[in-house]
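Spelled out, the chains give:
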Amino acid sequence: MPMRTWTNEERYKYLEDPSELLGLYEDTKDSVYRQTYHIQAVTGLINDPNGFSYFGGKWHMFYQWCPWGAVHGLKYWYHVVSEDLVNWKNVGVGLKPEEEYVYDNKGVYSGSGYSLEDKLFLYYTGNNRDDDYIRHPYTCLAKMDKEGRIEKATHPLFKEHPDYTEHQRDPKLVAFPEKNRYYIVIGARTKDERGCILIYGSQKPASDYEFLGELKVPGYESFGGMWECPSIEHIGDKDVLIFCPQYLKLPGRGNGTNQNVNIVGRMDWDDLIFTPEKDFSVLDEGFDFYAAACAFNTKDERTIMSAWMGLPDVSYPTDEEDWSGCLTLPRELSIKEGRLYQRPVREIVSIRDEELDITDNEDGIYELPKTYELLIDVKSKDFKISLFTDERGEGGLSLRYDSEAKLLTFDRGNMKTTFNENEGFTRGSKLIDDLYKLQIYTDKSSVEIFVNDGEATFTSRVFPDESERYLAFHAGEVDMKAWSLKTSVDQTFVI
Ligand code: FRU
């Protein structure tokens, strides 16, 4: 794939006037791979979900955005809103890097949201570079009012800790308002190159933070070299530590070194120890899943998570078209027998359009629209289907279940367009229960598969061509239902 090379000047250019992006928007908006119900960047590149929260009667999502193309350059927070977690509207730039503000002169990096009374607090990393181009991360705060006006605090909440490397970022607020206790957890890299989490505490959400120490996670003292996007969620009667260890290879996951994992356990905020109850597991068994973030949620009891459907340090076929990435569907998290489960948010049924006829074709091959939901009740022990095959049922992306090994294997290596070879082409998930259910969502360039009501998920980008629009049923006994899906994300040019 011919890769465009970018100078620092090009990728770190400040956006002065929205009209500078109009040409890029026009050139990319009609790509056959633009998504229809997944949040994607208005132009250029999207990466992490940020500031995900419910505030003023709406869900707010911000995303890491580099306007200029498929490149990690100057990062903004672009703002989208929704009333139902399904239909999203573009609002425009939320937070922008500013030369004059200094603390975030080279990027407004990832962070979290917290709504309190009539304000949404936005905690983010100001990525400062000094005159010698040395990086200085600041933990910054901005406040948004109900009219959507955002104002940065005069000064950051705190600066980098001198005992750690320059890699200290991605503040996540964990609040216990009934106890007047607020914690900010930050991902970091030690000087001896270990990934870890730093914890700051205050009695107030928006000031007076002091450094409390490094989080101890017994058994994980040497687990990757930088922990990006950490969070600690309380779900049911458990705590869940979610983070992205970098520089870590995991068995069965190719040669990639960027992972997103979770550990179920118990968090002791007094002694700053997270005690695992079980080994870690990857959050998603697919290829393209990173920087997961849970919403700060004052609306209901649900823990709702979204992630970047992409990975750092890799390229995608649409890079050639000057855009890249999307977010995953928002998912509801729950815990069963000490294990994290993920289901698509229940509101997602509202994008079902027409029910499709997929019963009993003798050859087991079904033509499907580009975006569909497929629900499969698996009645037999072993099972195999392929998505995105040609009309003869060949090629495509296969899903195969071997009941003896209790292994579900996902293989995207037979698609016409392959990419990120370094990550390998197959992924497997060892199931606890036998396979009984698959819920599959395809969009124009992605597939998300929820296994057994959320016991495992496979999330991946795929770039099918016009001929790859069939489903081939190879083995097993099933009941299937499918629906075409409506478009639910905004494609309008709002900056
Ligand atoms: C994760 C990450 C974060 C950082 C942001 C910059 O993908 O590297 O650690 O804040 O992206 O865009």
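Scroll up to find the structure.
A short tour of the structure in this document, coming up. (Residues numbered from 1 in each chain as written. Predicted model: local features only at pLDDT ≥ 70, side-chain atom pairs only at ≥ 80, totals over all residues. Heavy atoms only, no water.)

**Describing the state of the cysteines**
And step 1. With the rule as written, the count across this model stands at 0 disulfides.
And step 2. Not part of a disulfide, C294 finds its nearest cysteine sulfur in C244, a span of 12 Å.
And step 3. Overall, C294 belongs to the buried group, its relative accessible area being 4%.
And step 4. In this structure C326 is not part of a disulfide, and its nearest cysteine sulfur, from C244, lies 16 Å away.
And step 5. Taking relative accessible area as the criterion, C326 reaches 0% and is therefore assigned buried. (Disulfide = S-S within 2.5 Å. Buried < 20%, exposed > 50% of the residue type's maximum accessible area, 1.4 Å probe, protein only.)

**Concerning the pattern of salt bridges**
And step 1. Inspection of every chain in the model, using the stated rule, returns 33 salt bridges.
And step 2. Between R392 and D390 there is a salt bridge, with its nearest N and O atoms 3.0 Å apart.
And step 3. By relative accessible area, which is 56% here, R392 ends up exposed.
And step 4. What you see here is one network of salt bridges that share partners, running through D300, R302, E332, R346 and E347. (Salt bridge = Lys/Arg side-chain N within 4 Å of Asp/Glu carboxyl O.)

**With respect to the pairing of strand β19 (residues 303–308)**
And step 1. Judged by how many residues are buried, β19 sits mostly within the fold: 6 of 6 residues are covered.
And step 2. Residues T303, M305 and A307 of β19 are buried on one face, and the alternating residues I304, S306 and W308, pointing to the opposite face, are buried as well.
And step 3. Across 3 bridges, strand β18 (residues 290–294) lies against β19 in antiparallel orientation. By the bridge assignment for β19, Y290 is matched with W308.
And step 4. Taken together, the 3 bridges between β19 and strand β21 (residues 331–336) define a ladder with antiparallel strand orientation. Looking across to β21, one finds that T303 is bridged to L333. (Helix = DSSP H or I, 4+ residues; strand = E, 2+ residues; numbered from the N terminus. Pairing = 2+ DSSP bridges.)

**Side note on the pairing of strand β27 (residues 396–402)**
And step 1. Among the 7 residues in β27, 5 count as buried, and that is most of the element.
And step 2. Direction of pairing for strand β26 (residues 383–389) relative to β27: antiparallel, over a ladder of 5 bridges. Bridge pairing in β27 links F383 to Y401.
And step 3. Here β26 hands over to β27 after 6 residues, with G393 in that stretch at a positive phi of 85°.
And step 4. The pairing of β27 with strand β28 (residues 407–414) spans 6 bridges and is classified as antiparallel.

**Details of the sheet that holds strand β34 (residues 478–485)**
And step 1. Read from one edge to the other, the open sheet built from 6 strands follows the order β23-β34-β25-β30-β31-β32, with strand pairing classed as antiparallel. The strands lining the two open edges of the sheet, one partner per strand, are β23 (352–356) and β32 (456–461). The average angle at which neighbouring strand axes cross in this sheet is 15°, direction not considered.
And step 2. For strand β25 (residues 372–378) and strand β30 (residues 437–443), the ladder comprises 6 bridges, and the chain directions are antiparallel. Across the sheet, residue Y372 finds its bridge partner in β30, namely T442. (Axes fitted to C-alpha atoms, helices over the stretch in contact; angles between N-to-C directions.)

**A few points about the site of the ligand**
And step 1. Residues in close proximity to the ligand include N47, D48, Q64, K75, Y109, S110, R169, D170, E228, Y290 and W308, which together make up its full environment.
And step 2. Here an oxygen atom of the ligand and a side-chain polar atom of Q64 are 2.6 Å apart.
And step 3. Contacts to the ligand include D170, whose side-chain N or O atom sits 2.5 Å from an oxygen atom.
And step 4. For the ligand, whose unbound accessible area comes to 320 Å², protein coverage reaches 91%.
And step 5. Of all the secondary structure elements, the ones that give two or more residues to the shell around the ligand are β1 (44–55), β5 (108–116) and β9 (164–176).
And step 6. Looking at the shell around the ligand residue by residue, the classes come out as 3 nonpolar, 3 polar and 5 charged. (Near = heavy atom within 4 Å. Polar contact = N/O pair within 3.5 Å; in protein donor to acceptor, adjacent residues only side chain to side chain. Areas by Shrake-Rupley, 256 points an atom, 1.4 Å probe, with all protein chains shown as cover. Nonpolar A, V, L, I, M, F, W, Y, C, P; charged D, E, K, R; others polar.)

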